[in-house]
Amino acid sequence: MKHPDERPVGHPDHYAPWLGRAHQHLRRLLSGLPRGLSEFLIFGFKQAWASLFGGILLALIIATKLVWQEDWPLHRYDGLFAAAIAVQLAFIVLKLEAWEEAKIIFLFHVVGTAMELFKTHVGSWTYPEAAWLRIGHVPLFTGFMYASVGSYMVRVIRLFDMRFSHYPPFWTTAVLAVLIYVNFYAHHYVMDLRYGLFAAAFGLYGRCRIYFTVDDRRRWMPLLLACFLTSVFIWVGENIGTATGTWSYPGQRPWQWVSLAKMGSWFLLLIISFVLVTIIHPPQPPEAIEPAGDDPQPAPALGEPQAPFASAPLSARNARAWTGFDV
């Protein structure tokens, strides 16, 4: 029988196997802190861990800007692409992401690259440096910037074991996502409908709550608030990109802040991103969560990352709440 101090604490099954022992050690250190402070630190760590791919990519953007020389045989953008490929492979090999999660992230590459091709063509932003690995005016590393958003979403949902209440029928969210995506192209030629799309997003998701587990307590947050806070952090990342000259917007001066309007654009893009995730992994409602302290199903083996949404079967009532149809 294990000594009580050897029992797992926290959620070690949410992490890769080689992190299990370090997770348990750090978690026990935090258990000596006041409960509120401990939970706050765990929340911050989980958010940072979920953002690991994006954080590494931003670090690479800054580092390459500081050290890269114009006379080097490899262009900086190509170096960023090679480094991003290496990071993505490392995430798979080290079990920081599951293959199912990688498939979702690939969708972000496709959607993001298509938008980059159009936006650079119409002059919405530019990539001023040379690159061998590019499509048109778009260096290939840019797909990983969108993939980092996808990586964050699938990881944060797994790490916090998220559930969703009052989630709208899938077909309505899919229609909204398509309209948002089309508007990013069409507003260059016809009226910009983004304010109507904001209203539609609030109409669909206004009642939707995210239930998440930080440590051993479940909390909740409005889904739209989560999207807004995430868009703020992405806006900060955009400022890092423009400050390092990795990309630039028309008329933007060096070290000038990116327009706050970009947060609105990212807010809408996050709606698209979330719908992409739910295509493969429908969100589970909070009814699927057992009362605190109960664990009727065995935890997944350490080292086998959970799917972005738990795979327990939905009841007909819960499935109907998600799809809008009887099943």
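The structure contained in this document is the topic of the report that follows. From a predicted model like this one, the values you see are computed outputs, not experimental measurements.

**Overview of the overall build of the protein**
Each helix and strand in the protein was counted, giving 11 helices and 5 strands. Looking at the protein as a whole, 44% of its 327 residues are labelled buried. A fraction of 75% describes how many contacts in the protein between residues 6 or more apart in sequence connect residues 24 or more apart. Total accessible area on the protein stands at roughly 17200 Å², and carbon and sulfur atoms take up 68% of it.

**A few points about the pairing of strand β4 (residues 209–213)**
Two faces make up the sheet, and in a regular strand the side chains alternate between them. Two strands pair when backbone bridges link them, and strand β3 (residues 163–165) and β4 are joined in this way by 3 bridges, in the antiparallel orientation. By the bridge assignment for β4, S165 is matched with R209. Bridge analysis of β4 against strand β5 (residues 218–222) gives 5 bridges, and the strand direction is antiparallel. Bridged to Y211 within β5 is W220. From the end of β4 to the start of β5, which pair antiparallel, there are 4 residues.

**What to know about the nonpolar core**
If you look at the biggest cluster of nonpolar residues, it comprises 71 residues, and the most contacted ones within it are M162, F164, I180, Y205 and L223. If one sorts the elements of this core by residue count, helix α10 (residues 261–280) sits on top with 12 residues.

**Quick notes on the sheet that holds β3**
Spatially, 3 strands are ordered β3-β4-β5 in an open sheet, and the strand pairing comes out antiparallel. Two strands bound the open sheet, and with one partner strand each, they are β3 and β5. Neighbouring strand axes in the sheet, compared pairwise and without regard to direction, differ in orientation by 30° on average. Contacts between helix α9 (residues 223–243) and the sheet are confined to β3, β4 and β5, with β5 contributing the most and set at about 75° to the helix.

**Some details on the pattern of salt bridges**
Inspection of the entire model under this criterion finds 4 salt bridges. Note that R219 and E39 form a salt bridge whose closest N and O atoms lie 2.6 Å from each other. One end of the pair, R219, is in strand β5; the other, E39, is in helix α2 (residues 35–50), with 180 residues separating them in the sequence. Here E129 ties to R76 by a salt bridge, and the two come within 2.7 Å at their closest N and O atoms. With a gap of 53 residues between them, E129 in the loop between α5 (99–121) and β1 (134–135) and R76 in helix α4 (residues 76–93) connect regions that are remote in the sequence.

**Some remarks on a nonpolar patch on the surface**
Taken together, the side chains of L33, L37, F40 and L41 present a nonpolar region at the surface, about 370 Å² in accessible area. By secondary structure assignment, the location of L33 is in the loop between α1 (20–30) and α2. Here L33 falls in the partly exposed class, since its relative accessible area comes to 33%.

**Overview of the packing of aromatic side chains**
All told, the structure shown has 24 aromatic pairs when counted by the stated rule. With centroids separated by 6.2 Å and ring planes inclined at 85°, the aromatic side chains of Y77 and Y127 adopt a geometry described as edge-to-face. Placement of Y77 in helix α4 and of Y127 in the loop between α5 and β1 is noted, with a sequence separation of 50 residues between them. Comparing Y77 with Y127 shows no difference in burial state: the two are buried. Centre to centre, the rings of F198 and F267 are 5.9 Å apart; their planes meet at 55°, and the pair counts as tilted.

Criteria and thresholds
- Residue positions are given per chain, counted from 1 along the sequence in the order it is written.
- Totals for whole chains, interfaces and linings use all residues, but because this is a predicted model, local features are given only for residues with pLDDT of at least 70 and pairs of side-chain atoms are given and counted only at 80 or more.
- Note: side-chain values were computed over all heavy atoms of the structure, leaving out hydrogens and water.
- Secondary structure counts use DSSP, requiring at least four H or I residues in a row for a helix and at least two E residues in a row for a strand, with both numbered from the N terminus.
- Only protein chains enter the accessibility calculation, which uses a 1.4 Å probe; a residue is then buried when its area is under 20% of its type maximum, exposed when over 50%, and partly exposed in between.
- Throughout, a contact is declared for two residues whenever any of their heavy atoms are within 4.5 Å.
- The method behind every accessible area is Shrake-Rupley, applied with a 1.4 Å probe, and residues are considered shielded solely by the protein chains displayed.
- Should DSSP find at least two bridges between two strands, the strands are regarded as paired.
- By convention a nonpolar core is built from buried Ala, Val, Leu, Ile, Met, Phe, Trp, Tyr and Cys residues, the set being connected through side-chain atoms within 4.5 Å.
- Lines are fitted to the C-alpha atoms to define the axes, a helix being fitted only along its stretch in contact, and any angle between axes, read from their N-to-C directions, falls within 0 to 180 degrees.
- Throughout this description, the term salt bridge denotes a Lys or Arg side-chain nitrogen within 4 Å of a carboxyl oxygen of Asp or Glu.
- A patch is a set of surface residues, each over 30% in relative accessible area and not in a salt bridge, joined within 9 Å for like charges and within 5 Å for the nonpolar side chains Val, Leu, Ile, Met, Phe, Trp and Tyr.
- Note on aromatic contacts: the rings of Phe and Tyr and the six-membered ring of Trp form a pair at centre separations within 6.5 Å, being stacked when their planes are under 30 degrees apart, edge-to-face when over 60 apart, and tilted otherwise.

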